[in-house]
Amino acid sequence: MLGVVGFFIYARENVRLFDSINPQYNQQTLDIEIFTFCSLDIVDEKSAKATEMFLGQLYTDQKWKSFGYITNTGVRMILVLDATSPASLKDQEIRLIFKRFHGYYCNTISNPFYQIGTPMQSKWLDEGIRDLYSSNN
C-alpha cells in the first residue's frame, strides 16, 4: 500500500480550486488541510528558484509528506502521501503521478463552461483522481 492521501490544486493567490482526500483518510481531513497549507508556503519558496515544474518533496512530518508541482500559469498542485506507509514511491513514480494529475487538470480547464479561477467540479477530474487512488494504493 503506497498511501496516497490526497490531491490539491491552488490558484496563484493560494485560493483552493480543487481538493480530494482519499476516503481512507476522511477522519483526518482537518489535519491534512493544515499540513497542505504548510506545504503551500514551501511551494512559494521553491518556485522562485525552480528550473522545472516538478518541485520535489516539500514538507514531511510524522504522518505525511508532500510533493509539489507548479504550472506555467502559477497554479500549484500538491500531492500528500502517508509517511507511515511501509512502501515508498520513487521520484520517477511521483513525477508520473503529477503528469497524469496535470493532464486531468488540463482537460478540466479546457471545458468551455469552466471559468478560470473558480473551484473545479468536473466528472472527468473526479474519475481521474479515483483512478490515481486505485492505481497507487
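The structure reproduced in this document is the subject of the present report. Here the structure is a predicted model, which means the values were calculated and not measured. (Residues numbered from 1 in each chain as written. Predicted model: local features only at pLDDT ≥ 70, side-chain atom pairs only at ≥ 80, totals over all residues. Heavy atoms only, no water.)

Further remarks concern the side chain of H102. Within the element layout of this structure, H102 appears in helix α2 (residues 91-109). Not counting the four nearest positions on each side in its chain, H102 is found in contact with Y69, T71 and M77. (Helix = DSSP H or I, 4+ residues; strand = E, 2+ residues; numbered from the N terminus. Contact = heavy atoms within 4.5 Å.)

Taking 1.5 Å of rise per residue, 19 residues should cover 27 Å, and α2 covers 27 Å from first to last C-alpha, within 8% of that figure. When α2 is considered as a whole, its buried residues turn out to be I94, I97, F98, F101, H102, Y104, Y105 and T108. One face of α2 carries all of its buried residues, which in axial projection span an arc of 160°. α2 presents Q92, L96 and K99 as exposed residues on the side facing more than 90 degrees away from its buried surface. Considering only its buried residues, α2 is in contact with β1 (4-10), β3 (54-60), β4 (64-70), β5 (76-82) and α3 (123-135). (Expected span 1.5 Å × (residues − 1). Buried < 20%, exposed > 50% of the residue type's maximum accessible area, 1.4 Å probe, protein only. Arc of directions from axis to C-beta.)

The next point concerns the sheet that holds strand β2 (residues 16-21). Pairing in this open sheet of 5 strands is antiparallel, and the strands run β2-β1-β5-β4-β3 from one edge to the other. A single partner strand is all that each edge strand has here, and the edge strands are β2 and β3. Pairwise comparison of adjacent strand axes, ignoring direction, gives a mean angle of 15° for this sheet. This element, helix α1 (residues 29-48), spans β1, β2, β3, β4 and β5 of the sheet and lies at about 130° to β3. (Pairing = 2+ DSSP bridges. Axes fitted to C-alpha atoms, helices over the stretch in contact; angles between N-to-C directions.)

Looking now at α1. Every α-helix carries 3.6 residues per turn, so stepping three or four residues along brings you back to the same face. With 20 residues, α1 extends 29 Å between its outermost C-alpha atoms, agreeing within 8% with the 28 Å of an ideal straight helix rising 1.5 Å per residue. Looking only at α1, the buried set comprises I32, E33, F35, T36, S39, L40, I42 and V43.

So, about the environment of I94. Summarising the element assignment, I94 is placed in helix α2. Owing to a relative accessible area of 1%, I94 belongs among the buried residues under this scheme. For the pair formed by I94 and L55, sequence separation is 39 residues and the distance between their alpha carbons is 11 Å. Setting aside residues no more than four positions away along its own chain, I94 makes contact with F54, F67, L79, L81 and L89.

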